[in-house]
Amino acid sequence: MSTPEASPPPALYAAREPIFPRRVKGTFRTLKWWLLALMLGVYYVTPWLRWDRGPNLPDQAVLLDLANRRFFFFMIEIWPHEFYFVAGLLIMAGLGLFLFTSAAGRVWCGYACPQTVWTDLFILVERWIEGDRNARLRLHRQKWNAEKIRKRAVKWTIWLLIALATGGAWVFYFTDAPTLAANLIAGTAHPIAYTTMFILAATTFAFGGFAREQICIYACPWPRIQAAMMDEDTLTIAYRDWRGEPRGKQGVEGNGDCIDCLACVNVCPMGIDIRDGEQMACITCGLCIDACNDIMDKIGKPRGLIGYLAFTDETREREGKEPKSVWKHVFRPRTVLYTTLWAGIGIGLIVALFLRTEIDVNVTPVRNPTFVTLSDGSIRNTYDLRLRNKHSEDRWFDISVTSEAPLDGRSRAARTCASWCLRTKPCRPASM
């Protein structure tokens with residue numbers, strides 16, 4: 001008697017279904033376009049801004065000079081021993097992220113995150129070549145033919161050019177941009193430049209073109225951390241189910257304002273349904289608000305079925321009361337604390353920047369040996385003198401060593417006066 005074969009176990013993971021967001025117009029979409037243009041413009045253009053730094057340094061406004069361990073930002077020059085400026089800026093960035101998240105949820109993810117910005121750019125190219133959502137869905141489902149090969153080849157070529165420009169712009173921050181660009185084209189640049197450029201190009205091409213929402217859901221840790229930054233007064237995107245339910249056609253008694261058109265789902269770059277409630281995948285980009293407001297205008301219903309809402313206002317709105325003003329949600333003890341800390345660190349960095357000297361002098365005793373006993377019984381101590389010239393041009397320094405001891409013969413002989421030349425790079429003393 002034969003035994004039936006055991007059925008295979010069910011799959012634990014479903015295959016990814018590509019998301020094709022529909023085009024939408026509205027306040028939040030316009031804001032995202034302006035921010036996208038601004039941030040991409042800053043990223044690509046900044047390495048090409050010129051700033052006169054004298055004969056010894058490249059005339060680049062923003063430069064991370066790793067070879068000489070210095071950072072240039074227009075008129076500001078940060079030296080290795082001043083790394084506390086960089087640490088302070090990183091702390092300010094972290095506090096700023098905490099501040100915006102506690103006030104308005106994942107606004108960083110929805111508007112300014114590089115993954116979001118480059119994904120929006122890649123989707124714009126995709127929509128321009130393949131059409132809007134329905135056309136892209138049909139192209140995705142149809143078999144490979146001449147039309148599909150042509151459109152995909154054109155799209156991937158443009159994506160690749162954007163990715164190469166992205167990787168190239170990054171390496172331009174670390175050396176003189178015009179010089180490196182010429183070397184990259186001529187094939188004479190350092191292999192590290194090519195390697196870094198191609199790695200960044202590959203990740204940009206893959207993340208912005210194919211992975212997209214998968215990076216936000218599975219690779220990025222911030223969706224799991226953000227909950228600690230949010231509370232019941234945080235403004236986040238929500239669906240007002242007490243107004244929209246039950247869903248259905250308008251004109252039917254008992255139905256809410258939601259006509260179940262799926263416009264909010266079709267425009268979502270994460271492919272979620274905001275009507276299911278707060279979700280980790282939601283990046284609060286606001287596109288569902290634009291889509292829903294457009295539908296509400298068409299059916300003659302008030303806007304705001306989907307909008308920014310704090311949990312403390314949910315009960316008030318369910319009872320027909322007015323919600324708190326936006327400013328009461330934004331300015332509360334947590335956000336005020338973050339703002340105070342952020343501003344305090346910023347003011348401290350600015351004060352330290354203006355108080356720092358243009359020349360550093362360090363005199364330290366040499367420890368090996370700590371002293372030398374001379375033949376006449378006197379003691380000789382050796383000191384290490386270090387001068388740091390923070391100017392871009394060469395400078396001369398006169399250094400004199402004096403003593404307050406009685407001017408007997410030995411002390412006069414011990415007194416020395418030397419003139420030294422201190423340059424951007426180490427140089428020998430001019431005379432002794």
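Owing to the predicted nature of the structure, the values given are computational and were not obtained by experimental measurement.

### So, the nonpolar core
Counting residues in hydrophobic clusters, the biggest one holds 35 residues, and the most contacted among them are Met-270, Ile-274, Cys-288 and Ile-306. Contributing elements (two or more residues each) for this core: helix 2 (84–104), helix 3 (107–112), helix 9 (213–219), strand 4 (236–239), helix 12 (263–266) and helix 13 (287–299). The element that contributes the greatest number of residues to this core is helix 13, accounting for seven residues. Once you skip the residues sitting within four places of it in the chain, Ile-274 turns out to touch Ile-237, Tyr-239, Cys-264, Gln-279, Cys-282, Cys-288 and Ile-306. Membership of the second largest hydrophobic core comes to 15 residues, among which are Tyr-43, Val-125, Ile-129 and Ala-169.

### Some words on the sheet that holds strand 3 (residues 76–78)
Across the sheet, three strands lie side by side as 1-2-3; this open sheet has antiparallel pairing. Each edge of the open sheet carries a strand with a single partner, namely strand 1 (62–65) and strand 3. On average, adjacent strands in this sheet sit at an angle of 10° to one another, irrespective of strand direction.

### Quick look at the packing of helix 4 (residues 114–130) against helix 8 (residues 191–211)
Taken N-terminus to C-terminus, the directions of helix 4 and helix 8 make an angle of 70°; their axes are 8 Å apart at the nearest point. Relative to helix 8, the element helix 4 lies roughly perpendicular. Contacts between helix 4 and helix 8 involve Gln-115, Trp-118, Thr-119 and Phe-122 from the first element and Thr-204, Phe-205, Phe-207, Gly-208 and Gly-209 from the second. Of the residues contributing to the contact of helix 4 with helix 8, the split by class is four nonpolar, five polar and no charged.

### Section: helix 1 (residues 27–45)
Between its first and last C-alpha, helix 1 extends 27 Å over 19 residues, near the 27 Å set by a 1.5 Å rise per residue. Within the sequence span of helix 1, burial applies to Phe-28, Arg-29, Lys-32, Leu-36, Leu-40 and Tyr-43. Looking straight down helix 1, one finds that the buried residues subtend no more than 90° of arc, so they occupy a single side. For helix 1, the exposed residues lying more than 90 degrees away from the buried face are Thr-27, Trp-34 and Leu-38.

### Quick word on the environment of Pro-223
Here Pro-223 is to be found in helix 10 (residues 222–225). On a C-alpha basis, the gap between Pro-223 and Ile-283 in space is 8.5 Å, while along the polypeptide they are 60 residues apart.

### Remarks on the pairing of strand 4
Here strand 4 shows two buried faces, one formed by Thr-236 and Ala-238 and the other by Ile-237 and Tyr-239. Bridge count for strand 4 against strand 5 (residues 306–309) is four bridges, and the pairing is antiparallel. Bridge pairing links Thr-236 to Leu-309 in strand 5.

### Points about unusual backbone geometry
Put simply, Glu-245 and Pro-246 share a cis peptide bond, and its omega is -10°. Position of Pro-246 relative to the elements: it lies in the loop between helix 11 (241–244) and helix 12. A positive phi angle is found at Asp-260, which is not glycine, with a value near 55°. Of note, Asp-260 is situated in the loop between helix 11 and helix 12. Look at Asp-260 and you get partly exposed, because its relative accessible area is 39%. Phi is positive for Thr-284, close to 50°, though the residue is something other than glycine.

### Brief notes about the pattern of salt bridges
By the definition in use, this model includes 24 salt bridges. Measuring nitrogen to oxygen at the nearest pair gives 2.9 Å for the salt bridge that ties Asp-176 to Arg-50. Of this pair, Asp-176 sits in the loop between helix 6 (146–172) and helix 7 (177–186) while Arg-50 sits in the loop between helix 1 and strand 1; the two residues are 126 residues apart in sequence, bridging distant segments of the chain. Exposure remark for Asp-176: the relative accessible area of 14% places this residue in the buried category. Accessibility expressed as a relative area gives 36% for Arg-50, which makes it partly exposed.

### A short note on the confidence of the model for the protein chain
Confidence in the prediction of the protein chain, expressed as mean pLDDT, is 84, and 90% of residues score 70 or more. Summarising per-element confidence for the protein chain, the mean pLDDT is lowest in strand 11 (residues 416–422) (41) and highest in helix 1 (95). In the predicted structure, residues 409–432 sits below a pLDDT of 50 and forms 46 contacts with residues beyond four places in sequence or in another chain.

### Some words on the environment of Gln-60
As for its placement among the helices and strands, Gln-60 is situated in the loop between helix 1 and strand 1. Along the backbone, Gln-60 and Val-117 are 57 residues apart, and their C-alpha atoms lie at a distance of 26 Å. Reaching out from Gln-60, the side chain makes a polar contact with the backbone oxygen of Thr-175 at a distance of 3.4 Å.

### Considering helix 7
For an α-helix, 3.6 residues make a turn, and residues three or four places apart therefore share a direction. Burial in helix 7 covers these residues: Ala-177, Leu-180, Ala-181 and Leu-184. All buried residues of helix 7 project into a common sector of 105° when viewed along the axis, lining one side. Residues of helix 7 that are buried in the fold lie against helix 6 and helix 8. Just past helix 7, the residue Gly-187 takes up positive phi, approximately 80°.

### Looking at a nonpolar patch on the surface
Taken together, Trp-144, Ile-149, Trp-156 and Phe-210 make up a surface patch of nonpolar side chains, about 420 Å² in accessible area. Assignment of secondary structure puts Phe-210 in helix 8.

### Re the packing of helix 4 against helix 5 (residues 133–141)
Helix 5 packs onto helix 4 with a crossing angle of 80° between their chain directions and a minimal axis gap of 9 Å. With respect to helix 5, the axis of helix 4 lies roughly perpendicular. Note on element contacts: helix 5 touches helix 4 through Ala-135, Arg-136 and Leu-139, opposite Glu-126, Arg-127 and Glu-130.

About the cut-offs
Residues numbered from 1 in each chain as written. Predicted model: local features only at pLDDT ≥ 70, side-chain atom pairs only at ≥ 80, totals over all residues. Heavy atoms only, no water. Core = buried A, V, L, I, M, F, W, Y, C linked by side-chain atoms within 4.5 Å. Buried < 20%, exposed > 50% of the residue type's maximum accessible area, 1.4 Å probe, protein only. Helix = DSSP H or I, 4+ residues; strand = E, 2+ residues; numbered from the N terminus. Contact = heavy atoms within 4.5 Å. Pairing = 2+ DSSP bridges. Axes fitted to C-alpha atoms, helices over the stretch in contact; angles between N-to-C directions. Parallel < 35°, antiparallel > 145°, perpendicular 65-115°, else oblique. Nonpolar A, V, L, I, M, F, W, Y, C, P; charged D, E, K, R; others polar. Expected span 1.5 Å × (residues − 1). Arc of directions from axis to C-beta. Salt bridge = Lys/Arg side-chain N within 4 Å of Asp/Glu carboxyl O. pLDDT = per-residue confidence, 0-100. Polar contact = N/O pair within 3.5 Å; in protein donor to acceptor, adjacent residues only side chain to side chain. Patch = residues over 30% accessible without salt bridge, like charges linked within 9 Å, V, L, I, M, F, W, Y side chains within 5 Å. Areas by Shrake-Rupley, 256 points an atom, 1.4 Å probe, with all protein chains shown as cover.

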